[in-house]
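# Architecture and fold: a report
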Amino acid sequence: MRLRVELGHRLGVHASDVHVNVLGEHGDSQFSAYSVGNIGGRPLLEFPGVKAINLEKLEYDVGHKAYEIINRKKYTAYGVANATATIVDAILFDRKAVLPVSVKDPTRECFLSIPTVVGVQGAETVLEIRPHLNYAEAQKYDATADTLEHMCAQLPPVGPMTRTDALDAGAARKEAYD
């Protein structure tokens, strides 16, 4: 959201009209997919005024804004709360909203922030975005996936639960509340 707000401000449009996803992990290896972004259906990189913006610097500044907020307020709860509220709203009201949420990349052994249709069933459809990224963004996508896979490989096993076990447990909890 911070990126959309800043781009909207600099380009003279409302943030809700700026469509650009921040992909990968939520952290140091996240990146902005400018090549597939748009404003009003017009490719973001062709929008008037965008060439005057140093997008790499903007991406860095926005990505590191959390550190500035933590230094001042000691936490970033409002950003997390806002994102959580958006996801919960999409689920409760079956919005079928396309949101960049952390889901299992079907081609990798990790979870990444990827545009996903979110509705009453949770993450309903993962939208494959990597083939649509430009070369540099695809490299960043692979680098963030590599980073996360490496980090996950360092973790101890969490037990014998399989994905099927987790889905079954979720279904059992849902039945308990119905």
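Whatever comes next refers back to the structure up there.
Overview of the structure. Within each chain, residue numbers correspond to sequence positions counted from 1 in written order. Local features in a predicted model are, by the rule used here, given only for residues with pLDDT of at least 70; side-chain atom pairs are given and counted only at 80 or more, and totals for whole chains, interfaces and linings are based on all residues. For side-chain calculations, the full set of non-hydrogen atoms in the structure is used, while hydrogens and water are omitted.

## Description of the side chain of Thr 144
As a reminder, the rule being used: For helices the rule is a DSSP run of H or I covering at least 4 residues; for strands it is a run of E covering at least 2, with both sets numbered from the N terminus onward. Between two residues, a contact is recorded if the distance between any of their heavy atoms is within 4.5 Å.
Mapped onto the elements, Thr 144 comes out in helix α5 (residues 135-153). Once residues lying within four places of it in the same chain are set aside, the contact partners of Thr 144 are Gly 24, Glu 25, Ser 29, Phe 31 and Leu 112.

## What to know about the pairing of strand β8 (residues 122-126)
Where we set the bar: Any two strands with at least two DSSP-identified bridges between them are counted as paired.
By the bridge criterion, four bridges tie strand β7 (residues 111-119) to β8 in an arrangement that is antiparallel. Residue pairing for β8: Val 117 is matched across the bridge by Thr 125. Hairpin geometry of β7 and β8 is characterised by an intervening segment of two residues between the two adjacent antiparallel strands.

## Examining the pattern of salt bridges
Applied cut-off: Here, a salt bridge means any Lys or Arg side-chain nitrogen found within 4 Å of an Asp or Glu carboxyl oxygen.
On inspection of all chains with the given rule, the structure shows ten salt bridges. In this structure, the salt-bridge partner of Lys 96 is Asp 94, at a minimum N-O distance of 3.0 Å. Overlapping salt bridges, with partners in common, bring together Arg 108, Arg 130, Asp 142, Asp 146 and Glu 149 in one network.

## Some remarks on the environment of Phe 31
Among the structural elements, Phe 31 can be located in strand β3 (residues 31-32). As a C-alpha pair, Phe 31 and Glu 59 span 28 residues in sequence and 7.2 Å in three-dimensional space.

## Some remarks on the packing of helix α1 (residues 2-11) against helix α2 (residues 55-63)
The criterion, for reference: Axis lines are fitted through C-alpha atoms, for helices just across the contact stretch, and the angle between N-to-C directions can take any value from 0 to 180 degrees. Angle categories: roughly parallel below 35 degrees, roughly antiparallel above 145, roughly perpendicular from 65 to 115, and oblique for all the rest. We call a crossing left-handed when the near helix sits turned anticlockwise from the far one by less than a right angle, and right-handed when that turn is clockwise. Gly is placed with the polar residues, together with every amino acid not listed as nonpolar (Ala, Val, Leu, Ile, Met, Phe, Trp, Tyr, Cys and Pro) or charged (Asp, Glu, Lys and Arg).
The contact between α1 and α2 brings their axes to 10 Å, and the two run at 135°. Considering the angle they form, α1 stands oblique to α2. The way α1 lies across α2 gives a crossing that is right-handed. On α2, the residues touching Arg 2, Leu 3, Glu 6, Leu 7 and Arg 10 of α1 are Leu 55, Leu 58 and Val 62. Considered class by class, the residues forming the contact of α1 with α2 number five nonpolar, no polar and three charged.

## Focus: a nonpolar patch on the surface
Cut-off, in case you're wondering: Patch definition: residues with relative accessible area over 30% and no salt bridge; like charges joined within 9 Å; nonpolar side chains (Val, Leu, Ile, Met, Phe, Trp, Tyr) joined within 5 Å. Surface accessibility in these figures is a Shrake-Rupley result with a 1.4 Å probe; residues are shielded only by whichever protein chains are displayed.
A cluster of nonpolar side chains, Val 88, Leu 92 and Phe 93, forms an exposed patch at the surface whose accessible area comes to about 320 Å². Within the secondary structure layout, Leu 92 lies in helix α4 (residues 77-92).

## Considerations on the sheet that holds strand β6 (residues 97-104)
Strands sit in the order β6-β7-β8 across an open sheet of three strands; the sheet is antiparallel. Strands at the two margins of the open sheet, each flanked by one partner only, are β6 and β8. Going across the sheet, the axis of each strand differs from the next one's by a mean of 60°, ignoring polarity. Strand direction decides the pairing type here: β6 and β7, joined by eight bridges, are antiparallel. Paired with Lys 104 across the strands is Phe 111, a residue of β7.

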